[in-house]
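# Structural features, examined
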Amino acid sequence: MKIRKLLLFVLSAILLIAVVACAKPTAPAPKAEPTSEPVAEADSVDPTEAPQAEPARTEKPVETEAAEETESAASSDPVKVAALVGPTGVGLAYLNKLSTAYDLSLFTAPDQVTAKIVNGEVDIAAVPINLASVLYNKTQGGISVIAVNTLGVLYVVENGDTVHTIEDLAGKTIYAAGQGSTPQYILEQILSQNDLTDKVTVTYIAETTELVAKLIAGDEVKLAFIPEPQVSNACMKSETTRVALSANDLWAQNNQADIVQGVYIVRNDFLKEHPDLIDQFLQDAAESVAHVLNDEDAAATVVEAGIIPAEPIAKRAIPNCNIVLKTGSEMQQMVSAMLQTLFDANPKSVGGTMPGDEFYYVP
């Protein structure tokens, strides 16, 4: 009997061990952490758990990279810059040498640049100061002036040797180009401030090239009021032609501000989207001006850029073109003073009304 009970106990123990051994493979614990697999039910997962943040992180870089590529492509588009041949464009001669970020186009007439700005085909332009104000009024505040690039470039040039002071102009005839624009109002202001308005006859000729040709001939025209580089061109082609008076010097005797003839303007839509590019342009323009004024090969570079036609003329003209780069509050003071002079002479010359403070880009 005892032997039978002992056998029964041993058999029961063996059976219990077998049951426990068979149950162990079905335990889920060892395989409950497949962190490399995506979570099927994301809504049931605590979003604060780090392992569950991985799937979201693998998607965002794709979007970010695409956005960065798009932004990079947009910012790589060249800034479209327009300038006139002559003094207002001289300061930009080195722009494309300094950076590939610009597409510089040159034009021979202000109305060509006007059309490009109004149509949004150009972002930045070098223009005469009065045209900047006219465009501001025409576009209802659609442009801003960002810098002064050219001071006075006008001179009284004589084929002869009779004029050495402003008083020597009395009783003489001056031939000039630029009727209805800045040169006319500058000349009238100088004559008025020296009590010569009724003592000097001013005759206007439509084309500067025609005027220079007549001055060189020396028959009809003995005195001309013309800008650089036409001044240098005339003096180099005629041994008897010389600079008699500088409009800058005459202006300084009676005014507290400089003559301002050229400025840089920008479309405000472009300025709002890319203020960083405007700031960079001003830095590059300043560097370009420094090269124009100091490099030995500046004349060749100006000619290569197509701004002045011949190197000897460029070499002589550049020092007399008064190329500068004035920005900020100094620029605003200079431009507003000059525009006021033009407005007082003829409101239409600046577009009918004086621009307000919003016209000036002063970061």
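As shown above, the structure is provided for reference.
The present account deals with the structure reproduced in this document. None of these values were measured; they are calculated from a predicted model. (Residues numbered from 1 in each chain as written. Predicted model: local features only at pLDDT ≥ 70, side-chain atom pairs only at ≥ 80, totals over all residues. Heavy atoms only, no water.)

### A few points about the pairing of strand β7 (residues 201–204)
The two faces of a sheet get side chains in turn, since along a regular strand they alternate between them. Formally: In this description, strands pair whenever DSSP reports at least two bridges between them. Strands here are runs of E lasting at least two residues and helices are runs of H or I lasting at least four, both read from the DSSP assignment and numbered beginning at the N terminus. By convention, orient the strands away from the viewer: a clockwise path from the first strand over the helix to the second makes the crossover right-handed.
Pairing between strand β6 (residues 173–176) and β7: four bridges, direction parallel. Following the sheet pairing, isoleucine 174 is matched in β7 by valine 202. With helix α7 (residues 182–193) bridging β6 and its parallel neighbour β7, the resulting β-α-β unit is right-handed.

### Details of the sheet that holds strand β9 (residues 241–246)
We apply this condition: Where helices are involved, their axes are fitted lines through C-alpha atoms of the stretch in contact, as for all axes, and angles between N-to-C directions lie from 0 to 180°. Whether two residues are in contact is decided by their heavy atoms: any pair within 4.5 Å suffices.
One open sheet accounts for five strands, arranged β7-β6-β8-β5-β9; its pairing is mixed. The open sheet is flanked by β7 and β9, the only strands paired with a single partner. Shown here is a sheet whose adjacent strand axes are inclined to one another by a mean of 35 degrees, direction ignored. Pairing of β6 with strand β8 (residues 223–227) involves two bridges; the strand directions are parallel. From the neighbouring strand, alanine 176 faces β8, where its bridge partner is phenylalanine 225. Against the sheet, helix α9 (residues 230–237) contacts β5 (154–159), β8 and β9, and its axis sits at roughly 145 degrees relative to β9.

### Overview of the pairing of strand β1 (residues 79–84)
Keep this limit in mind: A 1.4 Å probe rolled over the protein chains alone gives each residue an accessible area, and that area as a share of the maximum for its type sets the label: buried under 20%, exposed over 50%, partly exposed in between.
For β1, a buried count of five out of six residues is recorded, marking the element as mostly surrounded by other parts of the structure. Sheet analysis places β1 next to strand β2 (residues 102–107), joined by six bridges and oriented parallel. Its bridge partner lying in β2, alanine 83 is registered against leucine 106. Of the strand pairs in this sheet, β1 and strand β3 (residues 124–128) are connected by two bridges, and their pairing is parallel. The residue of β3 that forms the bridge with alanine 82 is alanine 125.

### What about helix α8 (residues 208–217)?
Put simply, the rule is: This arc is taken over the directions from the axis of the helix to the C-beta atoms.
Those residues of α8 not exposed but buried are Thr208, Leu211, Val212 and Leu215. Considered in projection along α8, the buried side chains sweep an arc of 100 degrees and stay on one side of the axis. Where the residues of α8 are buried, they touch β5, β6, β8, α9 and β9. Glycine 218 lies just past α8 and shows a positive phi near 75 degrees.

### Overview of the packing of α7 against helix α15 (residues 328–345)
Threshold: Each angle is binned into one of four classes, with values under 35 degrees roughly parallel, values over 145 roughly antiparallel, values of 65 to 115 roughly perpendicular, and all other values oblique. Charged residues are taken to be Asp, Glu, Lys and Arg, nonpolar residues to be Ala, Val, Leu, Ile, Met, Phe, Trp, Tyr, Cys and Pro, and polar residues to be all remaining types, Gly included.
Viewed as axis vectors pointing N to C, α7 and α15 meet at an angle of 85 degrees, and their least axial separation amounts to 10 Å. Accordingly, the angle class assigned to the pair α7 and α15 is roughly perpendicular. When α7 is examined against α15, the residues Thr182, Tyr185, Ile186 and Gln189 are found in contact with a partner set consisting of Met338, Thr341, Leu342 and Ala345. When the residues that make up the contact of α7 with α15 are grouped by side-chain class, the tally is five nonpolar, three polar and no charged.

### Re the packing of aromatic side chains
For the record, the criterion: Classification of ring pairs rests on two measures: the distance between centres of Phe, Tyr or Trp rings, Trp counted by its six-membered ring, which must be within 6.5 Å, and the angle between planes, read as stacked under 30 degrees, edge-to-face over 60 and tilted in between.
Per the stated rule, a full pass over the model turns up four aromatic pairs. Between the aromatic rings of phenylalanine 359 and tyrosine 360, the centroid separation amounts to 5.0 Å while the plane-to-plane angle is 70 degrees, which identifies the pairing as edge-to-face. Accessibility assignment for this pair places phenylalanine 359 and tyrosine 360 in one class, buried. Among the aromatic residues, those joined into a ring-pair cluster are Tyr102, Tyr264 and Phe281.

### Comments concerning the packing of helix α5 (residues 110–118) against helix α6 (residues 129–138)
For any two helices packed against each other, one specifies the inter-axial angle together with the distance between the axes. Worth spelling out the cut-off: By convention, the crossing between two helices is left-handed when the near helix turns anticlockwise from the far helix through less than a right angle, and right-handed when the turn is clockwise.
Axis separation between α5 and α6 bottoms out at 11 Å; the angle between their running directions is 35 degrees. Handedness of the crossing formed by α5 with α6: right-handed. Residues Pro110, Thr114, Ile117 and Val118 of α5 lie in contact with α6, whose contacting residues are Leu131, Leu135 and Lys138. Grouping the amino acids of the contact of α5 with α6 by side-chain chemistry returns five nonpolar, one polar and one charged.

### Some details on the nonpolar core
Defined as follows: Here, the term nonpolar core denotes a set of buried Ala, Val, Leu, Ile, Met, Phe, Trp, Tyr and Cys residues that are joined through side-chain atoms within 4.5 Å.
The biggest cluster of nonpolar side chains holds 52 residues, and the ones touching the most others in it are Val148, Leu169, Phe225, Val263, Ile265, Val335 and Phe359. The element that contributes the greatest number of residues to this core is α15, accounting for six residues. When sequence neighbours within four positions are dropped, the list of residues in contact with valine 335 reads Ile129, Val148, Val263, Phe359 and Tyr360. Membership of the second largest hydrophobic core comes to 20 residues, among which are Leu92, Ala126, Phe270 and Phe281.

### So, α15
Quick note on the threshold: Helix span, as expected, comes to 1.5 Å for every residue beyond the first.
In this model α15 runs 26 Å from its N-terminal to its C-terminal C-alpha over 18 residues, within 8% of the 26 Å that 1.5 Å per residue would give. Taken together, the buried positions of α15 are Gly328, Met331, Met334, Val335, Met338, Leu339, Thr341 and Leu342. For α15, the angular spread of the buried residues around the axis is 155 degrees, confining them to a single face. Exposed residues lying more than 90 degrees from the buried face of α15 are Ser329, Gln333 and Asp344.

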